[in-house]
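Spelled out from the first residue to the last, the chains are:
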Amino acid sequence: MAFNHLPAGVHDALAPLSVKPVTHSVPMAKNHRPDRSQPDPASHPSPGAVLGRLASGPSRSARITHTEHLPPRAGRHAVWPDRIRSEVVAAVEACGIEHPWAHQARAAEHALDGDSVVVATGTASGKSLAYLVPVLSALLDGSEAPNGRGATALYLSPTKALAADQCRAVRELADPLGTAVRAAVYDGDTPFEEREWVRQHANYVLTNPDMLHRGVLPAHPRWSSFLKSLKYVVIDECHTYRGVFGSHVAQVLRRLRRLCARYGSSPVFLLASATSAEPAVSAGRLTGLPVVEVADDASPRGELVFALWEPPLTELHGEKGAPVRRTATAETADLLTDLAVQGVRSVAFVRSRRGAELISVIAQERLAEVDRSLAGRVRAYRGGYLPEERRALERALHSGELLGLAATTALELGVDVSGLDAVVIAGYPGTRASLWQQAGRAGRAGQGALAVLVARDDPLDTYLVHHPEALFDRPVESTVLDPDNPYVLAPHLCAAAAEIPLTEADLDLFGPATAGLLPQLEAAKLLRRRTRAWHWTRRERAADLTDIRGEGGPPVQIVEEGTGHLLGTVDAGSAHSTVHEGAVHLHQGRTYLVRSLDLKHSVALVERADPPYSTVARDTTSISVLETDTEIPWGAGRLCYGSVEVTNQVVSFLRRRLITGEVLGEAKLDLPPRTLRTRAVWWTVTEDQLDQAGISPEILGGSLHAAEHASIGMLPLFATCDRWDIGGVSVPLHPDTLLPTVFVYDGHPGGAGFAERAFHTARSWLTATREAIASCECDAGCPSCIQSPKCGNGNDPLHKRGAVRLLGVLLRGAAEAEGAGTGATEAGAAEAGAAEAGAAEAGAAEAGASGTEVSGVEVSRAEAEAAGTAGPEVAAGASRTDAAGAEKAGSQPAGERVGE
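Residues numbered from 1 in each chain as written. Predicted model: local features only at pLDDT ≥ 70, side-chain atom pairs only at ≥ 80, totals over all residues. Heavy atoms only, no water.

### Looking at the sheet that holds strand E9 (residues 304-309)
Paired through backbone hydrogen bonds, the strands of a sheet run either parallel or antiparallel to each other.
Phase 1: In spatial order, the strands read E1-E9-E16-E15-E12-E14-E13; together these 7 strands make up an open sheet with mixed pairing. One side of each edge strand has no neighbouring strand; the edge strands of this open sheet are strand E1 (64-70) and strand E13 (378-381). Pairwise comparison of adjacent strand axes, ignoring direction, gives a mean angle of 15° for this sheet.
Phase 2: Both strand E12 (residues 346-350) and strand E15 (residues 422-426) contribute to a ladder of 5 bridges, which runs parallel. Counterpart to Val 350 in the pairing with E15 is Ala 426.
Phase 3: Running over the sheet, helix H12 (residues 328-341) touches E9, E12, E13, strand E14 (404-407), E15 and strand E16 (449-454) and is turned about 170° from E15. (Pairing = 2+ DSSP bridges. Helix = DSSP H or I, 4+ residues; strand = E, 2+ residues; numbered from the N terminus. Axes fitted to C-alpha atoms, helices over the stretch in contact; angles between N-to-C directions. Contact = heavy atoms within 4.5 Å.)

### With respect to the pairing of strand E19 (residues 533-536)
Every regular strand shows the same layout, with side chains that alternate between the two sheet faces.
Phase 1: In the sheet, strand E17 (residues 502-503) pairs with E19 via 2 bridges, with the strands oriented antiparallel. Across the sheet, residue Leu 502 finds its bridge partner in E19, namely Trp 534.
Phase 2: The hairpin formed by strand E18 (residues 527-530) and E19 contains 2 residues between the paired strands, and Thr 531 there has a positive phi angle of roughly 50°.

### Concerning the packing of helix H25 (residues 697-714) against helix H27 (residues 762-775)
Phase 1: Across the interface, H25 lies against H27 with an axial gap of 9 Å and an inter-helix angle of 115°. It follows that H25 is roughly perpendicular to H27 by the angle criterion. Once H25 is placed against H27, the crossing between them reads as right-handed. Taking contact as the criterion, the partners of Ala 706, Ala 707, Ala 710, Ser 711 and Met 714 in H25 are, on H27, Trp 765, Leu 766, Ala 768, Thr 769, Ala 772 and Ile 773. (Parallel < 35°, antiparallel > 145°, perpendicular 65-115°, else oblique. Left-handed = near helix turned anticlockwise from the far one by under 90°.)

### A few points about the environment of Glu 68
Phase 1: By the secondary structure assignment, Glu 68 is in strand E1.
Phase 2: Of the residues examined, Glu 68 reaches a relative accessible area of 3% and is grouped as buried.
Phase 3: When the C-alpha atoms of Glu 68 and Val 305 are compared, they prove to be 5.9 Å apart, with 237 residues separating the residues in sequence.
Phase 4: At 2.6 Å, the side chain of Glu 68 and the side chain of His 66 are in polar contact. (Buried < 20%, exposed > 50% of the residue type's maximum accessible area, 1.4 Å probe, protein only. Polar contact = N/O pair within 3.5 Å; in protein donor to acceptor, adjacent residues only side chain to side chain.)

### What about the sheet that holds strand E2 (residues 117-120)?
Phase 1: Spatial ordering of the open sheet is given by E4-E5-E3-E6-E7-E2-E8, a layout of 7 strands whose pairing is parallel. The two strands at the open ends of the sheet, each matched to only one other strand, are strand E4 (183-185) and strand E8 (292-294). Sheet twist, expressed as the mean angle between neighbouring strand axes with direction ignored, is 20°.
Phase 2: Relative to strand E5 (residues 204-207), strand E3 (residues 152-156) runs parallel, the two being bridged by 4 bridges. Of the residues in E5, the one forming a bridge with Leu 154 is Val 205.

The following block contains the structure:
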């Protein structure tokens, strides 16, 4: 079943099991010449030796399902273009970089030619230097203007931490240039007394899209001198701008270009991205401009050992008696502890805030048993901390005071830390791009690095650790975003009209959907047309119509009831599931119980407590079809794509025992429902197809339910989404289709492009789903295939064999439709064969299914639970519509990237 699966006792961590290099993003060494001194092996143990110690013992070695070895690679040098100022070249050489890598020089050449360019190379390949050199050269030229600011540059990053880190790097590099380069951060943490200086004097401003949207563009007259001299716009980590967040950023950039044109400038866009598919296409959709790509990575790379790690089965039993694996949280805490004991500097990436806190607490307790001095050298790092807390942790990690950090995606992009030797990733982060980005945090000083992916008890994670080719032999995904989403575009048209009245000439800039939206905005009395322009006429700020991280209102403040101390914030959309009354909240290793949630005033009151459990919210969801855009016959069934309305309500929460995840009880909640209009993909089957699959009415609900759970878990392998970006519903008889139907929908108003991607890759997606279910070793279903710990129906009914047969018949119909030339979405004879094999299982024995109907079966995303199954960080201000029949639909890990 497994690809290169190793039986217990035969794993040799010191021997490379695969020497084939991958072509997508891998950790890269810092920019250095081959003749420079290499890291001291004594201070940086080999990754193979570290893994060998982690895997010592039969029980540990059996947990490693695959080891990928990426050998080191030499770099290729070039020379800087002769148009770069000699002072800048000298400043770079003063930092020890005598010659650029070939891709750096090529990117600089494009920038000097006035071509917008995206540098899509591996982690630590010197992308920053590629755009900084032409930017600094232009700023030096501009410093000779009469006002000393004849050229300016704007830097955008998805996180505050990354902007602060880049500012430090720019100041160090530009120090020999004196006052010619005046770099400054302008974000929500910038003191108000400093903001005026930044506007008037800084020529390199580092900020984030949130601040650009809310603080800079609405106040453009105060930024006029900066905007009219704007030469370059740098967009760092541009692969993170995906889904609804990326769509919002795309419109913010169009507003920026419009204002620049108003002041007489036309900046060149310089983008940096982890390796991704079609980076120029994605960058073009983001900026609205033609973009040249530089993707041939010429930097050297240190050795990387990448291990796939599957936690063992425990003696515990979950719902319906299913076997339960040890949680990724507990396993990661053990690995972080062992690495700290070895003195190996490490980061453990965790998908949730609560998970990061739990791992740090567990590791501290275990380290204290070994050596009390070690306990304080492991901490947590996540969004929601106050600025001073984040900065202190960043300094401690920079200095080496900390040996280990349990971090959310806040650190994936946030801080350039050299000297890390190992990365542990607790659960697949949703995309291959994020996986390699996280793995690349180690080995940035050129030494060897170890990366370990610890699988959660989840269909996708289980599939990946037993199918390593899906990670190592496939390119990373394309970035999915939809700037024409009317729910995204409409508020930005209002914001643009408030900045400068909209005219006919602006229609092409904002996209083809603009002309149709303007009359609707007029009818809603948001815009008023006067002569040839549309004006914003309301008193409130148009920029406040939307939060670019999503929708959902102001963040909820978490306040300690007894002291009034502000602990942090959580976005309004996820407040229902994370800080409801009775919820357990973790902050800096301390546990709190939520006493009340005031949605009207956006405040959750908490008090210190030490409960022996975590909490997980549950919800119910219903869905209705508004419009079918496209449908394709799959045999007698149909594959469809269109608009739906989802109604969701958090109705209760579970108390789960820490570490084991055992359910201790359920409590009801009284929270208002929420409604979402979005995009979905759905498929139907007919009675004849059910007969072919041997699906009786008694097992129909469980078969659909199981297929839906697994398909949602597998979709992130085919679209650049996290499973929290999507939701689903399975219905034995849906009132709109009048057939058994499974829906998978985007968890954002108007859609985010993920359901559309699912529609176009449906055969590959559902074939992998069927394989994931069929290959699982359990008898009747478990969390590794069809169960979900957040199921609103308590994972009842579920029918594993029925789901396999149902998907087999459906895929056979897809293959037949394709063979008949009816326009099925994909080709693939191998997939058709897999579908045929699935249908042949119709004679398998039926076991333990209930005939209960499933209309909304899976529920809300809790902030996290001890079992380590919760999703990524929640977007500040983002809308969250909980899934029915699957995980809660949410958004990407944007909560770590708050602007103001």
